[in-house]
Amino acid sequence: MSIATFFAMGGYAFYVWTAYGICCLVLVFNILMPIRQRLSFLQELARKQQRQQ
Amino acid sequence: MKFIPDPVGKFFHRMASPPHFYALAGQMIPWLTGIFLVLLGYGLFAGLYLAPTDYQQGDSYRIIYIHVPSAWMSLFIYIVMALAGAIGLIWRIKLAEIMAISSASVGASFTFIALVTGSLWGKPMWGTWWVWDARLTSELILLFLYLGVMGLYNAIDDKRTASKAVAILALVGVVNIPIIHYSVEWWNTLHQGPTVTKMDKPSIHISMLIPLLTMAVAFKFYYLIAVLQRARLELLYRERTSAWVKKLVMEQSK
């Protein structure tokens, strides 16, 4: 099987790859968001603590 | 009278202590991510490349490898969320409350993926993106239940009260779960019937079943990773005035 026929997905390329693409985006977003929020929250707490000292 | 021996009680007490949980979750996430990536890699390779083309649906059926595991996760996570909510409601365990609300966004994501991939599969096979049949409608209601849980939680400032309200909403919504599961048997629909959970004889070939089950296990690991990340954030926020968080912040800003 050539790479081109693999990506063509028997003519269903649009449906198959859109489905996998959206799935991938949502799953990655779900991991990165809480990490980013946690790190920025930790920074915010650190700034508050420094002001109090 | 003691029903729980001391070491076991101590173990659970330690596990449920916020600083311990925060650190342990942080240590577990890299391992869980490793296992998830291996399973995902094999599942995708086997599903997209090794598995044969379906004789009726052609290659469009390959959406099954994300659609069905996502749909299973949407139900599984809802049950976990309702159980954790109930435990939090009855025994007022803070970690159970946090696991319940942290599950909501992951569950909503899987429900969204199940709906979107189903739509992308339905268009070439049924000729329509959407039908208002029992399976699709009840799954859409599940998405609204998840969003309702998240919205309600954010609307109430006191997070202990918010957790109580959310747990009750989640428990009421449990009635939707059997409706989703049996909808394809109770009502006539375009959606195909169960192929895997017919335990006596699954009507799916082994070469297609193995990647499907691999993806299902991979998604379970993904859920663990995502829920622990969320839980760490939630725990930090709730405990922001406690001594251990202050110590953590001090150590990190050094």
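This text goes with the structure placed above it.
Residues numbered from 1 in each chain as written. Chains lettered and ligands numbered in written order. Predicted model: local features only at pLDDT ≥ 70, side-chain atom pairs only at ≥ 80, totals over all residues.

**Student:** Sorry, what's going on with the interface of chain A and chain B here?
**Tutor:** By a widely used convention, the size of an interface equals the accessible area lost when the partners come together. On the chain B side, the residues contacting the 24 residues of chain A number 35 residues. With 20 residues, the single largest contributor to the side of chain A that touches chain B is helix H2 (residues 13-52) of chain A. Here the residues of the side of chain A that touches chain B sort into 18 nonpolar, 5 polar and 1 charged. (Contact = placed C-beta atoms within 7 Å. Helix = DSSP H or I, 4+ residues; strand = E, 2+ residues; numbered from the N terminus. Nonpolar A, V, L, I, M, F, W, Y, C, P; charged D, E, K, R; others polar.)

**Student:** Explanation requested: H2(A) in the structure shown.
**Tutor:** It helps to recall that an α-helix has 3.6 residues per turn; residues three or four apart then point in one direction. End to end, H2(A) covers 58 Å across 40 residues, agreeing with the expected 58 Å (1.5 Å per residue, within 8%). Of all the residues in H2(A), the buried ones are Tyr15(A), Val16(A), Ala19(A), Cys23(A), Leu27(A), Asn30(A), Pro34(A) and Leu45(A). Looking at the packing, one finds that the buried side of H2(A) touches helix H3 (64-91), helix H4 (94-126), helix H8 (206-238) and helix H9 (243-253) of chain B. (Expected span 1.5 Å × (residues − 1). Buried ≥ 20, exposed ≤ 12 C-beta atoms within 10 Å, placed from the backbone.)

**Student:** Would you take a moment to explain unusual backbone geometry for this structure?
**Tutor:** Across residues other than glycine, the phi torsion is negative in most instances, and most of the peptide bonds are trans. Phi angles above zero are rare outside glycine, and Met9(A) is one such case at about 50 degrees. With respect to the helices, strands and loops of the structure, Met9(A) is situated in the loop between helix H1 (3-8) and H2. For Met9(A), a count of 19 C-beta atoms within 10 Å gives the class partly exposed. Positive phi outside glycine occurs at Arg92(B), with the angle close to 55 degrees. Mapped onto the elements, Arg92(B) comes out in the loop between H3 and H4.

**Student:** What exactly am I supposed to notice about the nonpolar core here?
**Tutor:** One recurring pattern in soluble globular proteins is that nonpolar side chains are buried together. In terms of nonpolar packing, the biggest core is built from 64 residues, with Ala19(A), Ile63(B), Met81(B), Ala100(B), Tyr222(B) and Tyr223(B) touching the most fellow members. For this core, the secondary-structure elements that each account for two or more residues are H2 of chain A together with helix H2 (18-50), H3, H4, helix H5 (134-155), helix H6 (159-173), H8 and H9 of chain B. Looking at this core element by element, the count peaks at 15 residues for H8(B). (Core = buried A, V, L, I, M, F, W, Y, C linked by C-beta atoms within 7 Å.)

**Student:** What should I look at first to understand the environment of Gly122(B) in this one?
**Tutor:** Residues and elements named next belong to chain B. Tracing the backbone shows Gly 122 in helix H4. Judged by the 21 C-beta atoms lying within 10 Å of it, Gly 122 is buried. Residues Gly 122 and Pro 194, 72 residues apart in the sequence, show an inter-C-alpha distance of 16 Å.

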